[in-house]
Amino acid sequence: MKPYRKPTIVDHDGDLSKQWYVYFKWWDEDTQQFVKAKRSKLPNGQAINRIEGKRERYKQIGLLCDALEFLLSQGWTPKTPLKDEQIIPKAEPEQEIKWTVADALDEVEKIKSQHLGKFGNRTFKSKIRDFKTFLINEGKGTFSPDQLGRRDITQYLRHIKSTKGQNGEEASARTRNNYLTELHAIFEKMIEEEIATKNPCKGIQKLRETVTRHQAFTREQVAQMGEWMDKNDPYLKTFSYFIGYAFLRPSEILRLQVKDIQANGILLRAKNAKTAKSVIIPIIDRLKPVLDEILQQANSPEDYLFSAEQVPSSKPVGGTQYFSKRFDKCRQYMNKEKGCSFTHEHSLYAMRHTFIKDLYLHFKETMTRDQAEFRTMQITRHQTTSALRAYIRDYSIDTLEDWGEAYSIDY
């Protein structure tokens, strides 16, 4: 058994007004148990908490932590008098840091960017650069990757929770968990490239996510929203046609280019699809005139169908929030003028569930349940009947018939 526990830095999330120290445990032979201890300086060493600059304080407390770990590994305990020459190992000169964490993040960005699509690349770069900026602001940009610990990651995740929410609100657990997943992959890539030897994200638990369901609209509500869009935002209605008539997800629509529109349908490329499989989506008659009008405005096969200029362009819309924010106005109108009680669960994406429900219930009028499911699955692109049934159950699409006649008990 190792007679000590690895020293860790207690920095109070970088708060210079509080007392920083190195915390560790050592084995006491007299009591036969581990004893807690902390140090903020060594004999003839600098008092950590007198250092006012954050960058310098992190540097000095890092040296203190390394020195204490070395001493403990040599059998030292707080009961033992300490000689000055014992503090730093002379036989092992201090190793030069080959990579700062800032440089390491730049290297990972460079490597991974070669294997990501345009949209994935943009999202990845945004996250990795945000993490790098955070570390630099905290005075840790010059640390080596191995000097970062779980405390540094959790501190950053708290920063994400407080700054990445919408409309000034706290970010969701899902957002925080997505950042954790991304960071975990970044440090794994550092290990693979022999830039780092450990992953500080390991051992950090994901937060429990609150599952929200997009609530389907009624036929009357869809008609009322359509009328509002005709008068106030025709471009939003054009976008919604692809959700309701092609059953595409907003993120998939934004990635469609003119070259993806083919004679036999819309090519949804694997890199853009949720299922990671390329598929041809038929163009039904209701969608064809809308699509033809868009194509007439295009100048190049490389143009994206939707852009901030509201015509096909080489520059795509930045993200799904572009149309979500436009739909917010429609939702506000429905609540104020039509007496609805729409929440964030009544989203633009809910149009997809609304149209799927409409088709499925229509098929059930003339088909058996199995036939209706199979026909719906062909249109919605669910991979299996089980997946479609789970979808129908989760969104309460299928309504139960009255089972009263099945009772044999007279009560």
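Each remark here, short or long, concerns the structure printed above.
Residues numbered from 1 in each chain as written. Predicted model: local features only at pLDDT ≥ 70, side-chain atom pairs only at ≥ 80, totals over all residues. Heavy atoms only, no water.

A. Summary view of the overall build of the protein. Scanning the protein from N- to C-terminus turns up 13 helices and six strands. Overall, the C-alpha framework of the protein stretches about 90 × 75 × 40 Å when taken along its three principal axes. Long-range contacts, defined here as pairs at least 24 residues apart, represent 58% of the contacts in the protein between residues at least 6 apart. Accessible surface, the protein as shown: approximately 24,700 Å² in total, 47% of it carbon and sulfur. (Helix = DSSP H or I, 4+ residues; strand = E, 2+ residues; numbered from the N terminus. Contact = heavy atoms within 4.5 Å. Areas by Shrake-Rupley, 256 points an atom, 1.4 Å probe, with all protein chains shown as cover.)

B. Quick peek at the packing of helix α4 (residues 150–163) against helix α5 (residues 173–192). Relative to each other, α4 and α5 sit at 145°, their axes nearing to 9 Å. Remark: the crossing between α4 and α5 carries right-handed chirality. Only Ala173, Thr175, Arg176, Tyr179, Leu180, Leu183 and Phe187 of α5 make contact with α4, whose side of the interface consists of Ile153, Tyr156, Leu157, Ile160 and Lys161. Within the contact of α4 with α5, the residues separate by chemical class into nine nonpolar, one polar and two charged. (Axes fitted to C-alpha atoms, helices over the stretch in contact; angles between N-to-C directions. Left-handed = near helix turned anticlockwise from the far one by under 90°. Nonpolar A, V, L, I, M, F, W, Y, C, P; charged D, E, K, R; others polar.)

C. Region of the structure containing the nonpolar core. Core analysis: the largest hydrophobic core is formed by 48 residues, its most contacted members being Met225, Phe242, Leu305, Phe306 and Phe323. What leucine 305 contacts, discounting residues up to four positions off in sequence, is Tyr235, Phe242, Leu256, Gln257, Val258, Ile261, Leu291, Ile294, Leu295, Val311 and Pro312. In this structure, Trp20, Tyr58, Phe143 and Leu157 belong to the second largest nonpolar core, which totals 43 residues. (Core = buried A, V, L, I, M, F, W, Y, C linked by side-chain atoms within 4.5 Å. Buried < 20%, exposed > 50% of the residue type's maximum accessible area, 1.4 Å probe, protein only.)

D. Representation of the packing of helix α6 (residues 219–232) against helix α7 (residues 234–245) within the structure. Two elements in contact, α6 and α7, have axes separated by 6 Å at closest approach and are oriented at 130°. Classed by the angle they form, the pair α6 and α7 counts as oblique. The residues of α7 that touch α6, namely those facing Gly226, Trp228, Met229, Asp230 and Asn232, are Pro234, Leu236, Lys237 and Ser240. (Parallel < 35°, antiparallel > 145°, perpendicular 65-115°, else oblique.)

E. Layout of the packing of aromatic side chains. All chains considered together, the criterion is met by 19 aromatic pairs. Look at phenylalanine 306 and phenylalanine 323: their rings are 5.9 Å apart centre to centre, the planes differ by 90°, and that puts the pair in the edge-to-face class. One end of the pair, phenylalanine 306, is in the loop between α9 (288–296) and α10 (321–337); the other, phenylalanine 323, is in helix α10, with 17 residues separating them in the sequence. Classification of phenylalanine 306 by relative accessible area gives buried; the value is 0%. Just above the ring of tryptophan 20 sits the side chain of arginine 57; from NZ or CZ to the centre is 4.9 Å. Here the basic side chain of lysine 127 rests over the ring of tyrosine 179, its NZ or CZ set 5.0 Å away from the ring centre. (Phe/Tyr/Trp six-rings, centres within 6.5 Å; stacked < 30°, edge-to-face > 60°. Lys NZ or Arg CZ within 6 Å of the ring centre and 35° of its normal.)

F. Local environment of the environment of isoleucine 128. Along the chain, isoleucine 128 turns up in helix α3 (residues 118–137). As for isoleucine 128 and tyrosine 179, which are separated by 51 residues in sequence, their C-alpha atoms are 9.3 Å apart. Beyond its immediate sequence surroundings of up to four residues, isoleucine 128 is in contact with Leu105, Val108, Glu109 and Ile186.

G. Structural view of the sheet that holds strand β2 (residues 21–28). Pairing in this open sheet of three strands is antiparallel, and the strands run β1-β2-β3 from one edge to the other. Where the open sheet ends on each side, the last strands, each with one partner, are β1 (4–10) and β3 (33–39). Across the sheet, the mean angle separating the axes of adjacent strands is 20° when strand polarity is ignored. Examined bridge by bridge, β2 and β3 share seven bridges and lie antiparallel to one another. Within β3, the position partnered with lysine 25 by the bridge is lysine 36. Against the sheet, helix α1 (residues 54–73) contacts β1, β2 and β3, and its axis sits at roughly 170° relative to β1. (Pairing = 2+ DSSP bridges.)

H. A look at the pairing of β2. For β2, the tally of buried residues reaches six of eight residues, placing the bulk of the element in the interior. Direction of pairing for β1 relative to β2: antiparallel, over a ladder of five bridges. Across the sheet, valine 10 pairs through a bridge with tyrosine 21, a residue of β2. Hairpin connection, β2 to β3: the antiparallel pair is bridged by four residues, and glutamine 32 has positive phi, about 55°.

I. Just α1, in detail. The end-to-end C-alpha distance of α1 is 28 Å, a good match for the 28 Å that 20 residues give at a rise of 1.5 Å each. All buried positions along α1 are accounted for by Arg57, Tyr58, Gln60, Ile61, Gly62, Leu64, Cys65, Ala67, Leu68, Phe70, Leu71 and Leu72. Each element contacted by the buried residues of α1 is listed here: β1, β2, β3 and α4. Glycine 75 sits one or two positions beyond α1 and adopts a positive phi of about 95°. (Expected span 1.5 Å × (residues − 1).)

J. Representation of the pairing of strand β5 (residues 265–268). By the bridge criterion, two bridges tie strand β4 (residues 261–262) to β5 in an arrangement that is antiparallel. What sits directly across from isoleucine 261, in β5, is isoleucine 266. Count of turn residues in the β4/β5 antiparallel hairpin: two residues.

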